[in-house]
Structure formats: structure tokens, C-alpha cells
Amino acid sequence: MKVVHLISGGDVGGAKTHVHSLLKELNKTITAEMICFTDGQFADEARQLDIPTHIISGSFFSTLKNLTEFITSGGFEIIHCHGSKANMYGALLRKKLGLPVVTTVHSDYKLDYMGRPFHHLTYGTINSVSLRMLDYRIGVSDPIADMLVSRGFDPHTTFSIYNGIDYSLNQPSVSRKEFFESFGFDVSPDDVVFGIAARLTPVKDMPTLIKAFAKTHRELPDTKLIIAGDGEQHQELFDLASSLNVADSVCFAGWVTDTTSFYGALDVNMLTSLSETFPYVLTEGARMGCATISSKVGGVPLLIDHGVNGLLFDPGDVDTLSTHMTLLASDSELRVTMGKLLNEKARKLYSIETTVSRQLEIYKTILRRKSASSEKRSGVLICGAYGKGNAGDDAILEAIVAEMRSIDPDIPIYVLSRTPEATSVFYRVRSCHTFNVPGFLRIMRKTRLYLSGGGSLIQDVTSTRSLMYYLFSLKCAKKLGNKTIMYGCGIGPVSIQKNRKKAKKIINNCADIITLRENSSLDELRSMGVNKPEIILSADPALTLSPASDSAVESYLVSNGLDPNGSFICFALRPWQGFEEKIPCFANAADYAFEKYGLIPVFLPIEPGRDIPAAQKVLSGMNSDGYILQRPANGSMAVGVMSRMKVLVSMRLHALIFAAGSGIPLVGVVYDPKVSAFLEYINRDIYSDLSELTDDLLKDEIDKAVALADESDTLKSAVDKLLEMESSNTDAAARLLERRQN
């Protein structure tokens, strides 16, 4: 594989480190040469790293001509751009040479020239236009890739990568004392030193750092701050430190080349930026085991689990930043613990080896797509109750998207959603509004598979209109040439006779395969007379979701005011006919669990708009303290949170599914037959109808569930069998797509 990288050659900071370290390591596996448009320190340092480096400069047309000749004669297969000038040439070369062109987006391109109106108008505009003309884009963090998708870039051609560093380079060349003395900075052994390495520009928001430090310093005089970097705000920041009477305790060190010694001398590493991708300064500090405080920007929360391996604050929040600084300055043991945990996570996930592996994977994907035969129809359209803020439905979609990509990693995926932009960003899929009929008909004309996925879509309990919508879209997909599958779904109840007749007719005529999540759905289909499609008994796709990492779950609990080591009973409730009169039952049961077993009541909203008011009503009737949790960010987090519960009392089906995989004792409160159907499917019989619920009955069921705590392996075993059955969902979709499952 031969790849040519184009870059201006004047880059500094994270972009320079990323390109140099990446190309150095890539050349151990493939041929990766670099073209700079100007000679200088950037190119010199690349040559010192044995990176094949070439200089092509001159007028616009001569540069374009020389680039064309160099790339053609060199036999390169991919053009990889970095920065606005490279993107401009890449956009022109793409059409001229017919090669795939990819760019790495190192920052928010709309903020690159912040504070420089002329450059923003010229270079910024050129870059914005050029980015649209390239084949692929790589964001240096998931949030940057998400930003690109939110601005209309195709999620199918947008990737993410993370800045990785060499964690073996962790020995400072000079001692802490020698390092500070080299700058004339008076630091005693007992001083706690905060430090930041960044350009002194508005986007780095150094005023917030200096103001917060001043507040901390007034309370704790044995604190110091060192700022490594330079820029247009230098004098402004120096004057600010003087006006706050901390100038003697703040060192403006300028650019520091020995970053290993810099981070080795710090007690706490800082980042206060208003915008970032995934900054090297945090992974470099993590390499040295620095405790870290950072603004909550870009990909930072993916590295720092707040309250576990570091502390986060909202950009510009001086008071919270100062509180965090005071906390770490006062607790040396906490600094050591957080620094160690951050180092362990960064070594595992953000090493240079991981970055290079990801980059090679992206290159292989680009070349594979280029060489793939062009199919007349391609892709899958997923239809369901998506984009409505329901964590259960969102978890189903998360699982289905992963399963489609396990069949074919290059398959275009389209999703019908009430919030198409948010769905595109979160799942990296193309999305169309649920009720944009012309839009989804256009998609159906080019997709290969229509997947009516997850949940109980074929039912008329909530409304006949939703049933008619799903039947209509199924019929349209079939007429427009798609293979069709009803995927891991629940069926019924369909109560109205004319609805049953219509459902029977359309499903028999338009569905190729139906996979069901429990026996009762099979019974419902048979009773309606559906017998033409292939019907497979399977399981809910959400069962396949893995839990989030322990540190991420602990951070979630800390952010919700909970001790990660606490014992909890979880309630997943929803308003339904008859719920109001049962509120005292839930409140008394929560108090009972706390008083008898020491279980702290927590309420997990699956659909916040409905579930939080229900939880608040129960909470107001309790004597013990309880907590309403934030909606988990994704299905994996929901599974991880459930794994920390001792008992779950749930009306919500997907809360039961999230907990079942972890072997958590379950108590079901049945408002819909699907709840009892699932519990029976996994051989769990602790449940009662909402209409029959009493104080004594619910307390008795909690007693039974607590007694089953030692039998988690039995429940896990039942769920493992379901997981084996769930694979038939993917097998069926693969057959219709005429693909072999990976």
C-alpha cells in the first residue's frame, strides 16, 4: 500500500505531533510519504524521524502540476490531506487522478482562524468548500466526526481516529527541581503545581484558568501555575495575573520542547479549551501519571471518567474549575489515584499502536470500497420507533446497526427516525424523517433490504395509526424491490378485527422473514393467520449489547451523586392506566428495601418525558432518600448501570432486558403482556399485574428477588441461551442480503 500525505509544513502543536508520529509508525508497515508545501522545522523534524519527506512549492499552477506528476509516477493509491491548503489541492487532484482522497480534520474548521477575520474569510472558506469535495474525512475524535456528520457530511464516509502516543517514553531528562529552575520559577517541594501546555489564543480560554487559579491560591497559598506556550494573548494574560495578585505564582514558560520533563514536574495537568478534538496534552500528561482537570470538550470525556480518573468542568466555569483545583491541591492521595487510573486507561486505548492500527483499517476500507463491484441495489433501510427519546428503542437500534455491520462493514445503512440529524450523528448512519414519505420512497428504490426492526410495532394498543404506518412502509418496500424482514420483534396485541385482517394480508404478501423475540408473538401471528413468511423464534437484539466500561459506569454513578460501591434497588416505572393509584405501593416498597436490606432506591428513566414525572411522584411519597438518574447515553451504559443494581423492579421491558444479561434479580410489574412474556421466556416468574399490585405483594416479590441474588449464574445461563437464539436474527438478514456473516 502506498499513501501520500499532503500538508502545508508550518503546522505546530497536536497536528504536528499526530502527523509525525503516525507517519513514522506507518512506514514500518506500508509506504507513507509526505509532501510539504514549505520547507522548515516541520519538514526537518520529519526527516529526522526517517519519514520520506518532499518539498513542492511555487505558484498555484506549478504546484498542482508537480503534485500530479509526483503522485502519478510514484504509484500512490490514496491521497491523504491535512489542513486547508492540502484539502484544496486534494479536491483538485481527486478528479484529475481518480484516486480516493481522505483528509484528517484536526479541529473544528470553523474555529481554526478564530480572532483572524481575514484568514477566516479566505483560508477558512477555501477549507470549508474543499472538505465537501473530498471522498472521506477522518475526525481526530468521535466528537469531531459527529460534528462533521451534524453539518451534513456523509456518515458512511466519515471516520474517527484518536491521537496516540508512545507510552514507553516516560523518563524525564531532568528533575522537577532542575526543570523549574531552568525557567527561574521558585517552587518548593511542598508546592502543588498546576500546568498547562497550549497556544495562548482565545480558543484555549486561559483567562478562565488564571481566574480559577487565583481563587484557589487565595485559599491555598502553596499552589503554583506554569503555562507552557505562546501566542497573541501573552501580554493580556500576564496583565490578568498581575491584576489578580498571582503574578509571582504564575510562570509563563513559552514553548517547552522537553514535554516529558514538563509533565513529569507537574502535580496536576490542566486543559481549559472552549473547543478541542482529542488533545495530545491530556494523553501526554496521562503518560506521566498526572492528575488531570479538563474542560468537557471534544473527545475529552471519552478519556476522562469524571470523579474516577480525573475531573471535568463546563468551558468557562471559573467557580467549578477552582473547586476542582482546590480539591486536588488538598488531597495528594487522590491526585496519585486519579493519575494512575488515567495512565492505565490511556495506555490501553490511546497508544500510538492503536492509532496506527485504526489508520490502516481506514485505508483498507477505502481501498476495499474502491475495488468493490458496483451493485445496482445496496444498503439496508431500518424502520422502527426511533428518535423518540426512548432508551429501549434506541438500544434496539444500536444493536441492529452493529449486527448489520457485522454482516457487511461497508453496507450503507439508512434509518427512519423522528430526529434524523441526531440519529445520523449518534449511529453514523444516513437518516430520513419517519414521515418524509417521498424521502424514504427514494431510499427504498436503491436499498436491498428493508428491516422493520425491534419493539412491538405490529399492535394497535397505543394506536391504529402507528400500525397502519408500519404496514404501509412494509408494503412500499416490497413493491419497490426490497427483500423484507421483520426483525427481532414483538407482535400484538392486535385487537380490532379489521386491523387483524389487514395485518394478515400485508404481512403474508410482503414479509420474507419474521424473527420474533418470544413465544407469545408467535402465537399472535398464528392466530391472525400469518403463515406465508418464514417465521423464526429468536430474541430481542438489545440482549447483545455489552456493558460500558467499569470506569465509565462509575463516573455515571458519581455524576448522579451516588457512591459507585453502594447497594441499589432500581425502579423503572412508566405512567399507565392504574399507575397513579399504585404510587404508594412503589413508595412503600422502596422504603422497605432500604430499611430491611440497605438498598438505596434509584429510578432509571427509559423514556424521560414520561418516566421522570412518574418517578417524582413515587419519590415524593417515600420516607427514605432516593435518586432519579439521568437517562443513560446509550444502551451499553444502560446495561452497565443495571449491572450495578442488586434488584430491579420494572414496568419497562427493556430495563428488564438490560438487567437480565448481568444476572440481576428481576421483579416485573405487568402493564402489557410483553413484560410477562419476556420473563416467562427466561424462566423468571416474579411478576404481577399492575392492576393487582399491593404493598404486601410487591414487598414479598422483592424478598424473593433478594433471595435469588446468589443465583445470578442461573439467570445468566438462561440469557446465554437466548443470545444463541438471537443470532438467528443476523443469520436471516445475511441470507436476504446474500452475504456471509463476518
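All figures in this text were calculated on a predicted structure; none of them were measured in a lab. (Residues numbered from 1 in each chain as written. Predicted model: local features only at pLDDT ≥ 70, side-chain atom pairs only at ≥ 80, totals over all residues. Heavy atoms only, no water.)

Colleague: Summarise the overall build of the chain; cite the residues concerned and give the values.
Modeller: Looking only at helices and strands, the chain has 29 helices and 26 strands in total. For 742 residues, the compact-globule estimate of 2.2 N^0.38 gives 27 Å, and the C-alpha radius of gyration of the chain, at 29 Å, lies within 12% of that figure. Its C-alpha atoms give the chain principal-axis dimensions of roughly 80 × 65 × 40 Å. Relative to its 742 residues, the chain shows a buried fraction of 57%. Look at the contacts in the chain between residues 6 or more apart in sequence, and 71% of them connect residues 24 or more apart. Surface summary for the chain: the accessible area is close to 29900 Å², and the carbon and sulfur share equals 50%. (Helix = DSSP H or I, 4+ residues; strand = E, 2+ residues; numbered from the N terminus. Rg over C-alpha atoms; globule rule 2.2 N^0.38 Å. Buried < 20%, exposed > 50% of the residue type's maximum accessible area, 1.4 Å probe, protein only. Contact = heavy atoms within 4.5 Å. Areas by Shrake-Rupley, 256 points an atom, 1.4 Å probe, with all protein chains shown as cover.)

Colleague: Any details on the pairing of strand β24 (residues 647–650)? Residues and values, ideally.
Modeller: Regular strands place side chains that alternate from one sheet face to the opposite one. The side-chain alternation of β24 yields two buried faces, one formed by Val647 and Val649 and the other by Leu648 and Ser650. Pairing of β24 with strand β25 (residues 666–670) involves three bridges; the strand directions are parallel. Across the sheet, serine 650 pairs through a bridge with glycine 668, a residue of β25. This β-α-β element, β24 to helix α26 (residues 653–660) to β25, shows right-handed connectivity. (Pairing = 2+ DSSP bridges. Right-handed = clockwise from strand over helix to strand, strands pointing away.)

Colleague: So, the pairing of strand β12 (residues 291–295): which residues are in play, and what are the values?
Modeller: Of all five residues making up β12, five are buried, and the element is well covered by its neighbours. Looking at chain direction, strand β11 (residues 268–271) and β12 are connected through four bridges and run parallel. Bridge assignment links asparagine 269 to a residue of β12, and that residue is threonine 292. The β-α-β motif built from β11, the intervening helix α11 (residues 280–287) and the parallel element β12 has right-handed crossover chirality.

Colleague: Mind laying out the state of the cysteines, listing which residues take part and the relevant values?
Modeller: According to the stated counting rule, one finds zero disulfides in the structure shown. The thiol of cysteine 290 is unpaired, and the distance to the nearest cysteine sulfur, on cysteine 251, comes to 16 Å. With no disulfide of its own, cysteine 432 lies 10 Å from the sulfur of cysteine 383, the closest cysteine sulfur. (Disulfide = S-S within 2.5 Å.)

Colleague: Pulling in residues and values, what's your account of the sheet that holds strand β5 (residues 101–105)?
Modeller: Across the sheet, which stays open at both edges, the seven strands sit in the order β3-β2-β1-β4-β5-β6-β7 with parallel pairing between neighbours. Of all strands in the sheet, those bounded by a partner on one side alone are β3 (53–55) and β7 (158–160). Taken pair by pair, the neighbouring strands of this sheet meet at an average axis angle of 25°, ignoring direction. Bridge analysis of β5 against strand β6 (residues 136–139) gives four bridges, and the strand direction is parallel. Residue pairing in the sheet places threonine 103 in a bridge with arginine 137 of β6. Against the sheet, helix α2 (residues 41–48) touches β1 (2–7), β2 (31–36) and β3, its axis set at about 150° to β3. Across the sheet, helix α15 (residues 352–371) touches β1, β4 (78–82), β5, β6 and β7, and the angle it forms with β7 is around 160°. (Axes fitted to C-alpha atoms, helices over the stretch in contact; angles between N-to-C directions.)

Colleague: Quick rundown of a nonpolar patch on the surface? Include the residues and the values.
Modeller: Nonpolar side chains collect at one region of the surface, where Phe60, Phe61 and Leu92 lie side by side and expose about 300 Å² of accessible area between them. With respect to the helices and strands, leucine 92 occurs in helix α4 (residues 84–97). In this structure leucine 92 comes out as partly exposed when scored by relative accessible area, which is 35%. (Patch = residues over 30% accessible without salt bridge, like charges linked within 9 Å, V, L, I, M, F, W, Y side chains within 5 Å. Salt bridge = Lys/Arg side-chain N within 4 Å of Asp/Glu carboxyl O.)

Colleague: Outline unusual backbone geometry, listing residues and values.
Modeller: In the segment running from glycine 492 into proline 493, the intervening peptide bond is cis, with an omega of 0°. Of note, proline 493 is situated in the loop between β18 (483–489) and α20 (497–510). Non-glycine residue serine 141 carries a positive phi angle of around 145°. Mapped onto the elements, serine 141 comes out in the loop between β6 and α6 (142–150). Even without being glycine, asparagine 245 reaches a positive phi, approximately 65°. Tracing the chain through its elements places asparagine 245 in the loop between α9 (234–243) and β10 (250–254). For asparagine 245, a relative accessible area of 71% puts it in the exposed group.

Colleague: Got a sec to walk through the pattern of salt bridges? Specific residues and values, please.
Modeller: Applying the stated rule across the entire model yields 34 salt bridges. A salt bridge links lysine 204 to glutamate 276, with the shortest nitrogen-to-oxygen separation between them at 2.5 Å. Of this pair, lysine 204 sits in the loop between β8 (192–197) and α8 (206–219) while glutamate 276 sits in the loop between β11 and α11, placing them 72 residues apart in sequence. Exposure remark for lysine 204: the relative accessible area of 11% places this residue in the buried category. Given the relative accessible area of 13%, glutamate 276 is considered buried. The network of salt bridges with shared partners includes Glu607, Arg610, Asp611 and Arg652.

The quantities given are spatial measurements derived from coordinates; they are silent on function.
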